[in-house]
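Next come the chains, spelled out residue by residue.
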Amino acid sequence: MSDHACPRRLTLLTLMLTTFALLAPLAAAQAAPITERMTSTKSASGAKKGTPVKSPKPKYPRPTATAWEKQVVALTNQARRTPRMCGKQRFSKAGPLTINPLLTAAARSHSADMSKRHYFSHFSLTGKSPWDRMNAAGYRNWTNAGENIAAGQSSPAAVVKAWLRSPGHCANIMNRRFTEIGVGQVSATHSYRYWWTQDFGRR
């Protein structure tokens, strides 16, 4: 079945930090563009405020955002400048998000992993959550965090448009609690071809 033969599909998953979900790997036939999102307002460490936490050395390098990744950030900030409805929820305009290389590292590593291992989920096939990836990248002690993922959209404009059409993803984009962002985009020759992760945070 070709990409064009598949109906467009948009899925939404809203989970808290303590919720676990693992989706089965996606077959190449399921290659219609899709999206998902997660949010959390818990501390990544789970420790009380002011409690020192020993963290492992970051696993990922600090990458520079690519042109496409920067464009997603620019379009996201453009959307945040305008009050909008995300489904039935009204959001006022929000300040611009700043690119954080640690979030970029976490986001890009997840897009690469989904592409390489042929799955689509906020949780890796080894059970790692977005918060695990942020911590591993060195983005720790956050107070708010969120993630949007997508696959199959062939440009920054297309993926941001898809996220804004979904109430949950739109809410992540418009969330005034978030102050930083990292975007990870990976291209492949199989399945969805384009893989996108948008990680949000505040420390």
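The numbering scheme is per chain: residues are counted from 1 as the chain's sequence reads. Only residues with pLDDT of at least 70 get local features here, since the model is predicted, and only at 80 or more are side-chain atom pairs given and counted; chain-wide, interface and lining totals rely on the full set of residues. Where side-chain values are given, they derive from all heavy atoms of the structure, hydrogens and water being excluded.

Colleague: How should the nonpolar core be read in this particular structure?
Modeller: The term nonpolar core refers to a set of buried residues drawn from Ala, Val, Leu, Ile, Met, Phe, Trp, Tyr and Cys, joined through side-chain atoms within 4.5 Å. Here the term buried applies to any residue with accessible area under 20% of the maximum for its type, exposed to any over 50%, and partly exposed to those in between, with areas from a 1.4 Å probe on protein chains only. Formed by 20 residues in total, the largest nonpolar core has its most connected members in Val72, Val159, Trp163 and Trp196. When residues of this core are traced back to their parent elements, those giving at least two are helix H1 (67–80), helix H4 (156–165), helix H5 (167–174), strand S6 (180–187) and strand S7 (194–202). In DSSP terms, a helix is any run of H or I states spanning at least four residues, a strand is any run of E spanning at least two, and both are numbered starting from the N terminus. Top contributing element to this core by residue count: H5, with four residues. Any two residues whose heavy atoms approach within 4.5 Å are treated as being in contact. Setting aside chain neighbours within four positions, we find Val159 in contact with Val72, Ala150, Gln153 and Trp196. Ala105, Met134, Ala137 and Ala145 belong to the second largest nonpolar core, which has 10 residues in total.

Colleague: Before we go on, may I ask you to explain the packing of helix H2 (residues 101–117) against helix H3 (residues 130–137) in this structure?
Modeller: Two packed helices can be described by the angle between their axes and the distance between those axes. Put simply, H2 and H3 touch, their axes get as near as 8 Å, and they point 130 degrees apart. One element, H2, and the other, H3, form an angle in the oblique class. In this structure, the crossing between H2 and H3 has a hand that is right-handed. Note on element contacts: H3 touches H2 through Arg133, Met134 and Ala137, opposite Leu102, Leu103, Ala105, Ala106, Ser109 and His110. Helix axes are fitted only over the stretch in contact, all axes being lines through C-alpha atoms; the angle between N-to-C directions runs from 0 to 180 degrees. In what follows, roughly perpendicular refers to angles from 65 to 115 degrees, roughly parallel to angles under 35, roughly antiparallel to angles over 145, and oblique to any angle outside these ranges. Each crossing gets its handedness from the near helix: less than a right angle anticlockwise from the far helix is left-handed, clockwise is right-handed.

Colleague: What should I look at first to understand the packing of aromatic side chains in this one?
Modeller: Pairs of aromatic rings are described using the distance from one ring centre to the other and the angle between the two planes. Geometry of aromatic contacts follows a simple scheme: Phe, Tyr and Trp rings, the Trp one being its six-membered ring, pair when their centres are within 6.5 Å, and the pair is stacked under 30 degrees between planes, edge-to-face over 60, tilted otherwise. A complete count under the given rule lists five aromatic pairs for this structure. Here the aromatic rings of Trp131 and Trp142 are separated by 5.5 Å at their centres, their planes lie at 50 degrees, and the arrangement is tilted. Here Trp131 is found in helix H3, whereas its partner Trp142 is found in the loop between H3 and strand S5 (144–151), with 11 residues between them in sequence. Both residues of the pair, Trp131 and Trp142, belong to the buried class. Taking 5.4 Å as the distance between ring centres and 80 degrees as the angle between the ring planes, the aromatic pair formed by Tyr192 and Trp195 counts as edge-to-face. Tyr192 sits in the buried class, given a relative accessible area of 2%. Feature note: the residues Trp68, Tyr194 and Trp196 constitute an aromatic cluster, connected by ring pairs.

Colleague: Where do I start with the pairing of S5 in this structure?
Modeller: Each regular strand displays side chains that alternate between the two surfaces of the sheet. Within S5, eight of the eight residues are buried, which leaves the element mostly enclosed by the surrounding structure. Relative to S7, S5 is paired through eight bridges, and the arrangement is antiparallel. By the bridge assignment for S7, Ala150 is matched with Trp196. Criterion used throughout: strands pair if DSSP finds at least two bridges between them.

Colleague: How should I be thinking about H5 in this particular structure?
Modeller: Because each turn of an α-helix spans 3.6 residues, side chains separated by three or four positions in sequence point in the same direction. Counted residue by residue, H5 has seven buried out of eight residues, so it is predominantly covered. Every buried residue of H5 is accounted for by Gly168, His169, Cys170, Ala171, Asn172, Ile173 and Met174.

Colleague: Explanation requested: the state of the cysteines in the structure shown.
Modeller: One covalent bond between the sulfur atoms of two cysteine residues makes up a disulfide. When two cysteine sulfur atoms lie within 2.5 Å, the pair is treated as a disulfide. In total, this model carries one disulfide according to the counting rule given. Disulfide partner of Cys86: Cys170, at an S-S distance of 2.0 Å. Where Cys86 bonds to Cys170 through sulfur, the torsion about that S-S bond is close to -55 degrees, and the disulfide is left-handed. One end of the pair, Cys86, is in strand S2 (residues 84–86); the other, Cys170, is in helix H5, and 84 residues separate them in sequence. Like Cys86, the residue Cys170 is buried in the burial classification.

Colleague: Is there a simple way to explain the environment of Ala105 in this structure?
Modeller: Its location among the elements puts Ala105 in helix H2. Overall, Ala105 belongs to the buried group, its relative accessible area being 5%. Linking Ala105 and Val183, residues 78 residues apart in sequence, is a C-alpha distance of 8.3 Å.

Colleague: In this structure, what is going on with the side chain of Ser124? I would like to understand it.
Modeller: Within the secondary structure layout, Ser124 lies in the loop between H2 and H3. For Ser124, a relative accessible area of 6% translates into the label buried. Within the structure, Ser124 has its side chain in polar contact with the side chain of Thr126 (distance 2.9 Å). Any pair of nitrogen or oxygen atoms within 3.5 Å is treated as a polar contact; in protein, a donor-acceptor pairing is required on top of that, and neighbouring residues in sequence qualify only through side-chain atoms on both sides.

Colleague: For this particular structure, what's the right way to read the side chain of Gln198?
Modeller: Along the chain, Gln198 falls in strand S7. On the accessibility criterion, Gln198 (0% relative accessible area) is buried. Reaching out from Gln198, the side chain makes a polar contact with the side chain of Thr76 at a distance of 2.8 Å.

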